[in-house]
Amino acid sequence: MKIICDWKNCKEIGSYKAPVEKDNSKKFRLLCLEHIKIFNRSWNYFENMSNQEIEFFIKSDLTWHKSTKNFGSSENFFNILWNNALDDKLNIFKSSNFKEFKKTKISQTDKDALEVMELNDVAKWDEIHLKFKTLVKKYHPDKNQGNKKFEDKLKKITLAYSQLKKTLGKK
Ligand SMILES: [Zn+2]
């Protein structure tokens with residue numbers, strides 16, 4: 001039996017998983033290609049979270065350390081973020097979907113994020129995206145026998161990337 005896309009009034013086949021909530025509950029709904037594109041474009045895990053909440057999220061055993069075991073699991077929000085970035089079959093991350101920095105108007109948060117990603121403050125989206133791919137490959141625990149040091153580094157990089165995506169992504 002085929003599952004119909006969960007988007008309102010859509011009758012297409014739902015073949016793509018979309019997380020229902022941000023609580024790592026691993027609940028998904030299934031969407032068609034058109035609607036997963038819309039969903040992914042607007043989805044930002046850290047949106048509406050304060051720095052403190054993000055910090056808590058990262059430190060939380062519930063959401064992070066337990067799921068470390070399943071680092072390779074596709075049902076993991078960080079993984080969804082990475083998979084979207086690394087394997088962009090839907091072209092969500094193509095550069096035309098992103099703005100460029102205005103040289104004189106880069107916030108301190110974005111400067112910090114660029115620094116974490118070892119980029120200078122005029123990096124264009126293409127460079128950020130490429131650098132992210134490189135860094136994820138370099139620091140992924142699968143490549144480092146689950147070394148915690150690299151995990152922390154990777155978490156920071158993911159947050160930085162998420163921050164830059166939020167700043168440069170066109171609404
Ligand atoms: Zn649909």
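Quantities reported herein were computed from a predicted structural model and do not represent experimental measurements.

K.L.:
Outline the coordination of the zinc ion, supporting the account with residue identities and numerical values.
P.N.:
Where a metal carries four tetrahedral donors, each ideal angle is 109.5 degrees; where it carries six octahedral donors, the ideal angles are 90 or 180 degrees. Ligation of the zinc ion by protein atoms is provided by Cys5 (SG), Cys10 (SG), Cys32 (SG) and His35 (ND1), these donors lying 2.0 to 2.3 Å from the ion. Here the zinc ion is ringed by four donor atoms whose angles at the metal span 101 to 116°, and the overall shape comes out tetrahedral. Spacing between the donor residues of the zinc ion along the chain follows C-x4-C-x21-C-x2-H. With Cys5 in the segment before strand S1 (16–19) and His35 in helix H1 (residues 33–42), this pair connects stretches of sequence that are 30 residues apart. Grouping residues by exposure puts Cys5 and His35 together as buried.

K.L.:
Describe in detail unusual backbone geometry, supporting the description with residues and values.
P.N.:
A negative phi angle characterises most non-glycine residues, just as the trans form characterises most peptide bonds. Phi angles above zero are rare outside glycine, and Asn9 is one such case at about 65°. Relative to the helices and strands, Asn9 is located in the segment before S1. Its relative accessible area of 67% is what places Asn9 among the exposed residues. A positive phi is found at Glu118, a non-glycine position, where the angle reads about 55°. Residue position: Glu118 is located in the loop between helix H5 (108–116) and helix H6 (125–139). For Glu118, a relative accessible area of 40% translates into the label partly exposed.

K.L.:
Explain the packing of aromatic side chains to me, using residue names and the numbers behind them.
P.N.:
For the structure on display, the rule yields three aromatic pairs. Between the aromatic rings of Phe98 and Trp125, the centroid separation amounts to 3.8 Å while the plane-to-plane angle is 5°, which identifies the pairing as stacked. Taken together, the residues Phe98 in the loop between helix H4 (77–86) and H5 and Trp125 in helix H6 connect sequence positions 27 residues apart. The pair formed by Phe98 and Trp125 is uniform in burial state, with each residue classed as buried. Plain terms: the ring middles of Phe132 and Tyr161 are 3.7 Å apart, the flat faces sit at 10° to each other, and that makes the pair stacked. Placement of Phe132 in helix H6 and of Tyr161 in helix H7 (residues 148–168) is noted, with a sequence separation of 29 residues between them. Judged by its relative accessible area of 0%, Phe132 is buried. Of the aromatic side chains, those joined through ring pairs into one cluster are Phe98, Trp125, Phe132 and Tyr161.

K.L.:
Any details on a positive patch on the surface? Residues and values, ideally.
P.N.:
Among the surface-exposed residues, Lys99, Lys102, Lys105 and Lys170 lie close enough to one another that they form a single positively charged patch. Tracing the backbone through its elements, the reader meets Lys102 in the loop between H4 and H5. The class for Lys102 is exposed, based on a relative accessible area of 58%.

K.L.:
Got a sec to walk through the nonpolar core? Specific residues and values, please.
P.N.:
In terms of nonpolar packing, the biggest core is built from 20 residues, with Phe101, Leu114, Met117, Ile128 and Leu164 touching the most fellow members. The set of elements that each furnish at least two residues to this core consists of H5, H6 and H7. Here Ile128 is in contact with Phe101, Leu114, Met117, Leu119, Ala123, Tyr161, Leu164 and Leu168, once residues within four sequence places are set aside.

Conventions and cut-offs
- Residues numbered from 1 in each chain as written.
- Predicted model: local features only at pLDDT ≥ 70, side-chain atom pairs only at ≥ 80, totals over all residues.
- Heavy atoms only, no water.
- Donors = N, O, S within 2.8 Å, 3.2 Å for Na, K, Ca; no water.
- Tetrahedral: all angles 85-135°; square planar, octahedral: opposite > 155°, others 65-115°.
- Helix = DSSP H or I, 4+ residues; strand = E, 2+ residues; numbered from the N terminus.
- Buried < 20%, exposed > 50% of the residue type's maximum accessible area, 1.4 Å probe, protein only.
- Phe/Tyr/Trp six-rings, centres within 6.5 Å; stacked < 30°, edge-to-face > 60°.
- Patch = residues over 30% accessible without salt bridge, like charges linked within 9 Å, V, L, I, M, F, W, Y side chains within 5 Å.
- Areas by Shrake-Rupley, 256 points an atom, 1.4 Å probe, with all protein chains shown as cover.
- Salt bridge = Lys/Arg side-chain N within 4 Å of Asp/Glu carboxyl O.
- Lys, Arg positive; Asp, Glu negative; His and termini not counted.
- Charge placed at Lys NZ, Arg CZ, Asp CG, Glu CD.
- Core = buried A, V, L, I, M, F, W, Y, C linked by side-chain atoms within 4.5 Å.
- Contact = heavy atoms within 4.5 Å.

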